[in-house]
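Coordinates in review
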Amino acid sequence: MDENRITGAAKELGGKVQGKAGELTGDRETQARGVANEAKGNVENLYGQAKDAVRDAADAVGDAVERGGIDGDRVAGTAKEIRGKVQSAVGAVTGGERDRVEGRRRQVEGRAQDLHGRAEDAARDVGGYARDLYEHAGDYARDGTRAVRHQVEESPLVAMLIAGAVGYGLALLVHGRR
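Residues numbered from 1 in each chain as written. Predicted model: local features only at pLDDT ≥ 70, side-chain atom pairs only at ≥ 80, totals over all residues. Heavy atoms only, no water.

Re helix α1 (residues 3–25)
Compared with the 33 Å implied by 1.5 Å per residue over 23 residues, the 33 Å span of α1 between its first and last C-alpha is a close match. Turning to α1, its buried residues are N4, G8, E12, G15, G19 and G22. Two residues or fewer past α1, G26 is found with a positive phi of approximately 80°. (Helix = DSSP H or I, 4+ residues; strand = E, 2+ residues; numbered from the N terminus. Expected span 1.5 Å × (residues − 1). Buried < 20%, exposed > 50% of the residue type's maximum accessible area, 1.4 Å probe, protein only.)

This is the structure we're talking about:
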């Protein structure tokens, strides 16, 4: 999490407290300074959120480049999420409830679209792994057989003890303990 988000949220909270204190005491100057500090904190928080979103988007693109492709939903979803965060923050600063709510809706839509893209990327990766396993299963089986044969030839007594223990375990499983 970007430090601007933390300091912005702290300034925003401090501004709210200052504004309420001015309101309660009737000091309009303190109240105005509180509202201004709250707005400054909100803007700084928004800046931190935008930096986080850009960092997340860059990470997504970097991951996709490593895999050899990127799902368009990830990029579009992240962009929509950033736009929603900005719109929501502007609505919060200006007092525009409609912008704030619309911005939150866009954030949620963007996040869902990004997650959909991530799921498609994961499914594509799993498909690639499964295809690789299917294509090379014979090689893996031959390599495993060679390794076992080598170990049995090197240590026949240990191999017999292991085989006996496995046989005993299977007998217990099949017949159960009496």
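Focus on the pattern of salt bridges
Under the counting rule described, the total for this entry stands at 10 salt bridges. Ionic pairing is found between R105 and E102, a salt bridge with its closest N-O pair at 2.2 Å. Of the two residues, R105 and E102 both sit in helix α4 (residues 97–154), three residues apart, roughly one turn of that helix. Note that D114 is salt-bridged to R118, the shortest N-O span being 2.9 Å. Within this pair, D114 and its partner R118 are both found in helix α4, separated by four residues, close to a single helical turn. (Salt bridge = Lys/Arg side-chain N within 4 Å of Asp/Glu carboxyl O.)

A look at the environment of G19
With respect to the helices and strands, the residue G19 is situated in helix α1. In the structure, G19 is positioned 134 residues away from E153 in sequence and 83 Å away in space, judged by C-alpha atoms. Setting aside residues no more than four positions away along its own chain, G19 makes contact with T30, Q31 and G34. (Contact = heavy atoms within 4.5 Å.)

Purely geometric numbers; function is a separate question.
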